[in-house]
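# Residue-level structure breakdown
So you can see what is in the structure, the chains are spelled out below.
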Amino acid sequence: MTDKIWLSSPHMGGAELKYIHEAFEQNWVAPLGPNVNNFEDDLKDYLQEDIEVAALSAGTAALHLALLILGVSAGDEVICQTFTFAASANPITYVGAKPVFIDSENQTWNMCPDALEQAIIDRNKLGKKPKAIIVVHLYGMPAQMDRIAEIAHRYSIPLIEDAAEALGSTFKGQKCGTFGDMSVLSFNGNKIITTSGGGALICKNMAQKHKAIFLSTQARDNAPHYQHSEVGYNYRMSNISAGIGRGQMEVLDQRVEERRANHHFYLNLFKDIPGTKVFTEPDAAYFSNHWLSAVTIDESLAGFNADELYLALKEENIESRPLWKPMHLQPVFQDAPYYGGKVAEELFNTSLCLPSGSNLSNADRERIKAVISAVNIRVN
Ligand SMILES: *Cc1c(COP(=O)(O)O)cnc(C)c1O
């Protein structure tokens, strides 16, 4: 059997072990230490805006803390993009709040501003003013942030930006991860850079960062004994993980280029296959890191569908994956209110995420090309 080609696997830069060795030599084998502080500084420098960074154990933890710091509590409603990974929505339930899901628009596959505004107006009428909005940049593609931020501002609802998939993406020149009142990054193993598992909360000021660190380290009051006036969490990033993160930050720009090169490979590969469309930026305002490349297939024109392509790739030991199944279609969220049409559902039914690792070799790409060409030739 040939080697497996993964959808998106970790890709070390080389300096990671040096930082891990330092941690061992200094015995900072703990959820704090120099790597954690330096990794936060690296992220802050990279994002360039007037922000503060708290490194955490996961992107999911960062979303949970964002909701807590913004004061979302039991019984509240939180608006969330339906087309996303469950980790965007689950933390809403951790705080006892209820999600209200919003469909996507066709251009960026992210939250539809019109459906968002309709939802806010309707929830307000019902006397349930939403306490926060969670917007996502799916597969690295920036959402329509100018319109969404304007609506959030106009209705005075805090905006949480789930940029877990979008480190390195920009909208109108501004980096994703800096648009929200609070923003979230993930360094899970499959993301554009990894710390083996980890995340970050991007805060607008030092007070928020202090609050994030306080909550993520068991909410210890300032006393010699263990004194607690609030419920805390064990969400801080380990100094070992942060060492990996420091090494990965050195190659982040390279990783973005490599993912974008994969995207160009797929644009070329599919351009002559009727009924297929590779997910791409609507215009020059958008710069995607193309964390995952994806293709939408119109079976009536292509003669094959996303399931068949998935199986053909699997047959050759190549991993691909259906898009995120929209949250309003998930059994666990079946009672949640939903605003919009069938944009996300339609995309889910007709599209496929393709191998997108920054470590794909030319030989890997040739194998992928051979399968896709064969599927096309077989039917056309
Ligand atoms: C990966 C991901 C998360 C969660 O991040 P973890 O670090 O895995 O907890 C949240 N939202 C989206 C959109 C993601 O892709």
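Anything mentioned here points back to the structure above.
Read on for a plain summary of the structure.

Rules and cut-offs
- Residues numbered from 1 in each chain as written.
- Predicted model: local features only at pLDDT ≥ 70, side-chain atom pairs only at ≥ 80, totals over all residues.
- Heavy atoms only, no water.
- Helix = DSSP H or I, 4+ residues; strand = E, 2+ residues; numbered from the N terminus.
- Rg over C-alpha atoms; globule rule 2.2 N^0.38 Å.
- Buried < 20%, exposed > 50% of the residue type's maximum accessible area, 1.4 Å probe, protein only.
- Contact = heavy atoms within 4.5 Å.
- Areas by Shrake-Rupley, 256 points an atom, 1.4 Å probe, with all protein chains shown as cover.
- Lys, Arg positive; Asp, Glu negative; His and termini not counted.
- Charge placed at Lys NZ, Arg CZ, Asp CG, Glu CD.
- Core = buried A, V, L, I, M, F, W, Y, C linked by side-chain atoms within 4.5 Å.
- Domains from an automatic or database assignment.
- Near = heavy atom within 4 Å.
- Polar contact = N/O pair within 3.5 Å; in protein donor to acceptor, adjacent residues only side chain to side chain.
- Nonpolar A, V, L, I, M, F, W, Y, C, P; charged D, E, K, R; others polar.
- Salt bridge = Lys/Arg side-chain N within 4 Å of Asp/Glu carboxyl O.
- Axes fitted to C-alpha atoms, helices over the stretch in contact; angles between N-to-C directions.
- Parallel < 35°, antiparallel > 145°, perpendicular 65-115°, else oblique.
- Left-handed = near helix turned anticlockwise from the far one by under 90°.

### A short note on the overall build of the chain
- The helix and strand tally for the chain stands at 13 helices and 15 strands.
- Its C-alpha atoms give the chain a radius of gyration of 21 Å, near enough to 21 Å, the size a compact globule of 380 residues would have.
- Within the chain, the proportion of its 380 residues that are buried is 56%.
- Relative to all contacts within the chain whose residues are 6 or more apart in sequence, the contacts with residues 24 or more apart total 72%.
- With the model as given, the accessible surface of the chain reaches about 16000 Å², and the carbon-plus-sulfur share is 51%.
- Here the chain contributes 33 positive and 45 negative side-chain charges, whose respective centroids are spaced 3 Å apart.

### Details of unusual backbone geometry
- A positive phi angle is found at Trp109, which is not glycine, with a value near 70°.
- Here Trp109 lies in the loop between strand 3 (98–102) and helix 5 (113–125).

### Quick word on helix 4 (residues 86–94)
- Residues of helix 4 that are buried include every one of Ala87, Ser88, Ala89, Pro91 and Ile92, and no others.
- Looking at the buried side of helix 4, the elements it contacts are helix 3 (59–69), strand 2 (77–81), strand 3, strand 4 (132–136) and strand 5 (159–162).
- Gly96, located one to two residues past helix 4, shows a positive phi value of around 80°.

### Here we look at the nonpolar core
- Formed by 63 residues in total, the largest nonpolar core has its most connected members in Tyr139 and Leu167.
- Looking at this core, the element that brings in the most residues is helix 2 (residues 34–47), giving 5 residues.
- For this core, the two domains that each supply at least three residues are domain 1 (16–251) and domain 2 (253–379).
- Residues contacting Tyr139, with those up to four places away along its chain left out, are Trp109, Glu165, Phe279, Ser288, Asn289, His290, Trp291, Leu292, Leu323, Trp324 and Cys353.
- One finds Phe101, Val184, Ala212 and Tyr233 within the second-largest nonpolar core, a separate group that totals 31 residues.

### Quick look at the site of the ligand
- Near the ligand, the surroundings consist of 15 residues, among which Thr60, Asp162, Glu165, Ser186 and Lys191 are the closest.
- Between Gly198 and the ligand, the recorded distance is 3.4 Å, taken from a backbone N or O atom to an oxygen atom.
- Elements represented by at least two residues in the shell around the ligand include exactly helix 3 and helix 4.
- Class assignment of the residues belonging to the shell around the ligand gives a composition of 5 nonpolar, 7 polar and 3 charged.

### Some words on the pattern of salt bridges
- Per the stated rule, a full pass over the model turns up 15 salt bridges.
- Residue Arg321 is joined to Glu319 by a salt bridge in which the shortest nitrogen-to-oxygen separation is 3.7 Å.
- As a salt-bridge pair, Lys342 and Glu345 come within 3.3 Å of each other at their nearest N and O atoms.
- One continuous salt-bridge network, built from bridges that share partners, spans Glu40, Lys209 and Arg236.

### A few points about the environment of Ser104
- Its place among the elements puts Ser104 in the loop between strand 3 and helix 5.
- Judged by its relative accessible area of 3%, Ser104 falls in the buried class.
- Taking C-alpha positions, Ser104 is 22 Å from Gly168, a pair spaced 64 residues apart along the chain.
- If near-sequence neighbours (up to four positions away) are discounted, Ser104 is found in contact with Gln81, Phe83, Trp109, Asn110, Met111, Cys112, Val343 and Ala344.

### Brief notes about the packing of helix 5 against helix 6 (residues 145–154)
- Viewed as axis vectors pointing N to C, helix 5 and helix 6 meet at an angle of 15°, and their least axial separation amounts to 9 Å. By the angle between their axes, helix 5 is roughly parallel relative to helix 6. In this structure, the crossing between helix 5 and helix 6 has a hand that is right-handed. When helix 5 is examined against helix 6, the residues Pro113, Asp114, Leu116, Glu117 and Ile120 are found in contact with a partner set consisting of Arg147, Ile148, Ile151 and Arg154.
- The residue makeup of the contact of helix 5 with helix 6, split by class, is 5 nonpolar, no polar and 4 charged.

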